[in-house]
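Observations on chain architecture
Read off the chains here:
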Amino acid sequence: MDRELYDKVSRWFEEHREEMIGDIIRLVRIPSVSCPQEGEEAPFGEACRDCLEEMLAMGREFGFHTENYGNRVGSIGQQDKDWDHMIGFWNHLDVVPVGNQWTYEPFEPVLKDYFLIGRGAQDNKGPAVGILYMMKCLRELEIPVKHQLTLFVGCDEERGMKDLEYYVSHHPTPRLSMIADSGFPVCYGEKGILEGSLHSRENVCEEILELEGGNASNMIPDAAYVVLKSTKALEEELDCMAGKNSDKAVTESGIGENSGKAVTESGIGENSDKAVAESGIGENSDKAVTESGIGKESLKFARITAEREAGKIRISASGESRHSAFPEGSVNAVHELLKFLSGLTSLPEKDRKLFDKLAYLSQEYYGEHMGIAGSDEVSGRTTCAATVLKLKEGRVSLHFNIRYAISEDGEKLSALLSGKAGEKELIWETERNSAPNYFPKEHPAVGILTDLYNEITGGNAEAFVMGGGTYARKLPRAFAYGVGGMKQSEEDIRIKESLFLPGHGGAHEPDEGLNVRLLTEAMKIYTMAVIALNDCEI
């Protein structure tokens, strides 16, 4: 690597950091959650269209030519395109739903130290603007580039990538595509994504008025709730759970965090971690529900609350969200609620049995209970997360987001899921199957870009495969490269811990935050990567 050139690029980015932050803020202010609708004017909703237009306007301000492909995808680059000698950079402007438990306003971005906080700042608006600045840097410093460079931005990555399906079916694609929506160095493979739902065969009782949890397929839900018709049996049961010493089990402000689980003789059977008097609430419970109520030690572990609503009782469960492809460390609020309901003896036995089955199937993240556990040496273990719970016309629906190993077959997994559902007297419906993506690890670009990253950072990272899904799976000759995974300094860690609660600050989490210092460092790497590819036949 040319160290003198790297220093020149580095100075340019440091001089333009504040300007780059301002342009990221322009996009984060727009609540661009993809909401499909009829017509060509705003196929993914007005907010996504507005965000796309704002990004293209930014490109024109920088002197680039822009194109809008049906308000689904936009491009920033040259007017006369040389597709056979083009490197395309792909980012998305849509964001996941806000979710719950935010400390900051999600669409009123704020800069704290060098963290920019707001939904989409990290995933993926910050990197999109960063790539635009990379192209501007190369042009302003008059650095020779062998390949034509074009930035593409889409509006439906988080929901299902219909934007890319449209684009690929109507327009040419670059000779090589790089997606800045992963970690460094090169991600040359992505697991398959299978989405579908379990449905109950019968209606639940009329006392269950509402049932809901989660708001996106690719997010572990951090909140779930049920609204029940208030009955004497239900109130007495909740009183019992709250303990004999509680002043009021169900009050205007709710039972509170010291609410326990259902106290039953033995539970219903399949769900080993559910409602038994000795087990408390949740997997982390230390304390039993005893004759004197729930002890103080269990308060911090309780995830169930209840409150009155004019002849109704609303029972809520809280969790900790993560991206469904990387569920480790999360707490699934839907599972917590189902587990609670499975032991609520004031409900009919058939409904408790239903909730017990669903609680069991949503209990872990690796498909073991669903009968689809698998792994391979290249991509690791299959993940399987319950992410959205709904009540539809009296029947319960539980959605799963599954990331399956590259060597697995999605259709075979669907058949296994249908069989497992039948065993549980449920119905499985496959809604989407996106095949795995694999870019040849032997391609020279993989080695060049991996070596460059290690040379700049002093690391020894290797190209990898992940469970996350990027635009690479919808494009030919595509892989992901950064911009995440940069090594944090001690100062980065200290500031992050001071700004964010546990389970906050990451992509798809409450208080999503972008470390602008690390983004700036990543863009320096990206700029040098483009230069390094001058010596590569793409």
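Source: prediction; values computed, not measured. (Residues numbered from 1 in each chain as written. Predicted model: local features only at pLDDT ≥ 70, side-chain atom pairs only at ≥ 80, totals over all residues. Heavy atoms only, no water.)

So, helix H5 (residues 232-242)
Using the following cut-off: Burial here depends on accessible area, computed with a 1.4 Å probe over protein chains only, as a share of the maximum for the residue type. Under 20% is buried, over 50% is exposed, and the range in between is partly exposed. Each helix is a run of DSSP H or I of at least 4 residues and each strand a run of E of at least 2, with the numbering of both proceeding from the N terminus. Within this analysis, the arc is defined by the directions that extend from the helix axis to the C-beta atoms.
For H5, every residue scored as buried is listed here: Leu-234, Glu-237, Leu-238, Met-241 and Ala-242. Considered in projection along H5, the buried side chains sweep an arc of 140° and stay on one side of the axis. What points out from H5, more than 90 degrees from its buried face, is the exposed set Lys-232 and Cys-240.

Regarding the sheet that holds strand E19 (residues 383-392)
Rules: Strands pair, by our definition, only if DSSP identifies at least two bridges between them. Angles run from 0 to 180 degrees between N-to-C directions of axes, and those axes are lines fitted to C-alpha atoms, restricted for helices to the stretch in contact.
Strand order in this open sheet of eight strands is E15-E16-E12-E11-E19-E20-E10-E21, and the pairing throughout is antiparallel. Looking along the sheet, the strands with just one partner apiece sit at the ends: strand E15 (304-308) and strand E21 (426-434). With direction set aside, neighbouring strand axes in the sheet form an average angle of 20°. Pairing of strand E10 (residues 192-200) with E21 involves eight bridges; the strand directions are antiparallel. Across the sheet, Ile-193 pairs through a bridge with Ser-434, a residue of E21.

Here's the deal with the packing of aromatic side chains
We apply this condition: For this analysis, a ring pair means two rings from Phe, Tyr or Trp (six-membered ring only for Trp) whose centres lie within 6.5 Å, classed as stacked if their planes differ by under 30 degrees, edge-to-face if by over 60, and tilted for the remaining angles. Distance and angle both matter: a charge sits over a ring if NZ of Lys or CZ of Arg is within 6 Å of the ring centre and within 35 degrees of the ring normal.
This model, assessed by the stated rule, comprises 19 aromatic pairs. Plain terms: the ring middles of Phe-184 and Tyr-481 are 4.9 Å apart, the flat faces sit at 85° to each other, and that makes the pair edge-to-face. Note that Phe-184 is positioned in the loop between strand E8 (182-183) and strand E9 (186-190) and Tyr-481 in strand E24 (residues 478-481), a separation of 297 residues in sequence. Residues Phe-184 and Tyr-481 agree in their burial class; the two are buried. An aromatic cluster is built from Tyr-69, Trp-83, Trp-90, Phe-152, Tyr-167 and Tyr-471, whose rings are joined through pairwise contacts. Directly above the ring of Phe-62 sits Lys-136, whose terminal nitrogen or CZ lies 4.2 Å from the centroid.

Here's the deal with the packing of helix H9 (residues 444-457) against helix H11 (residues 516-532)
So the rule is basically this: Any angle from 65 to 115 degrees is called roughly perpendicular, while one under 35 is roughly parallel, one over 145 is roughly antiparallel, and all others are oblique. Two helices cross in a left-handed way if the nearer one is turned anticlockwise from the farther one by less than a right angle. They cross in a right-handed way if the turn is clockwise. Contacts: residue pairs with any heavy atoms within 4.5 Å of one another. Amino acids are sorted into nonpolar (Ala, Val, Leu, Ile, Met, Phe, Trp, Tyr, Cys and Pro), charged (Asp, Glu, Lys and Arg) and polar (every other residue, Gly among them).
For the pair H9 and H11, the least separation of the axes is 10 Å and the interaxial angle reads 135°. As judged from the angle between their axes, H9 and H11 are oblique. Judged by the twist between their axes, the crossing of H9 over H11 is right-handed. Here Ile-448, Leu-449, Leu-452, Tyr-453, Ile-456 and Thr-457 of H9 lie close against H11, whose contacting residues are Ile-525, Met-528, Ala-529 and Ala-532. The residue inventory of the contact of H9 with H11, partitioned by class, reads nine nonpolar, one polar and no charged.

What about the pattern of salt bridges?
What counts here: A carboxyl oxygen of Asp or Glu within 4 Å of a side-chain nitrogen of Lys or Arg is what we treat as a salt bridge.
Counted under the stated rule, the structure contains 31 salt bridges. Where Lys-353 meets Glu-349, a salt bridge forms, and the shortest distance between an N and an O atom there is 3.5 Å. Note that Lys-353 and Glu-349 are positioned in helix H7 (residues 349-361) at a spacing of four residues, about one turn of the helix.

Focus: the environment of Phe-355
Along the polypeptide, Phe-355 turns up in helix H7. Overall, Phe-355 belongs to the buried group, its relative accessible area being 1%. Each C-alpha atom of the pair Phe-355 and Leu-341 lies 6.3 Å from the other, and the pair is 14 residues apart in sequence.

Quick notes on the sheet that holds strand E4 (residues 110-112)
Spatially, the three strands line up as an open sheet ordered E4-E5-E26, and their pairing is antiparallel. With partners counted over all chains shown, the strands left at the sheet margins are E4 and strand E26 (513-515), one partner each. Shown here is a sheet whose adjacent strand axes are inclined to one another by a mean of 25°, direction ignored. Inspection of the sheet shows E4 paired to strand E5 (residues 115-117) by three bridges, in the antiparallel sense. What sits directly across from Leu-111, in E5, is Leu-116. In the packing of H11 onto the sheet, contacts are made with E4, E5 and E26, and the angle to E26 comes to roughly 50°.

Re the pairing of E10
Of all nine residues in E10, nine are buried, a share of seventy percent or more. Burial along E10 is two-sided: Gly-192, Leu-194, Gly-196, Leu-198 and Ser-200 facing one way and Ile-193, Glu-195, Ser-197 and His-199 facing the other are all buried. In the sheet, E10 pairs with strand E20 (residues 395-404) via eight bridges, with the strands oriented antiparallel. Each bridged residue has a counterpart across the sheet, and for Glu-195 the counterpart in E20 is Asn-401.

Observations concerning the nonpolar core
As a reminder, the rule being used: Only buried residues count toward a nonpolar core. Its members are Ala, Val, Leu, Ile, Met, Phe, Trp, Tyr and Cys residues joined through side-chain atoms within 4.5 Å.
By size, the foremost hydrophobic cluster in this structure holds 76 residues, and its most contacted members are Met-55, Phe-89, Tyr-481 and Tyr-526. Ala-224, Leu-228, Leu-338 and Leu-413 belong to the second-largest nonpolar core, a separate cluster that totals 45 residues.

A short note on unusual backbone geometry
Leave glycine aside and you will find that most residues have negative phi; peptide bonds, for their part, are mostly trans. Cis geometry marks the peptide bond from Asp-123 to Asn-124; its omega dihedral reads 20°. Summarising the element assignment, Asn-124 is placed in helix H3 (residues 121-140). Residue Gly-482 is joined to Val-483 through a cis peptide bond whose omega torsion reads 10°. With phi around 65°, Met-161 is a residue other than glycine that occupies positive phi space. Note on placement: Met-161 falls in the loop between strand E6 (148-154) and helix H4 (162-170). Despite not being glycine, Glu-425 has its phi angle at roughly 60°, a positive value. Position of Glu-425 relative to the elements: it lies in the loop between helix H8 (410-423) and E21.

Thoughts on the confidence of the model for the protein
Reading fine detail from the predicted coordinates is not recommended where pLDDT is low. Which entries qualify depends on this criterion: Per-residue confidence from the predictor is reported as pLDDT, a score between 0 and 100.
When pLDDT is averaged across the protein, the result is 89; 89% of the residues are at 70 or more. The model gives residues 244-301 a pLDDT under 50, and that stretch makes 130 contacts with residues more than four places away or in other chains.

Re the packing of helix H2 (residues 46-61) against H3
Here H2 crosses H3 at 20°, and the two axes come no closer than 11 Å. By the angle between their directions, the pair H2 and H3 is classed as roughly parallel. Our pair here, H2 against H3, has a crossing hand that is right-handed. On H3, the residues touching Cys-51, Met-55, Met-58 and Gly-59 of H2 are Lys-125, Ala-128, Val-129 and Leu-132. When grouped by side-chain class, the residues that make up the contact of H2 with H3 number six nonpolar, one polar and one charged.

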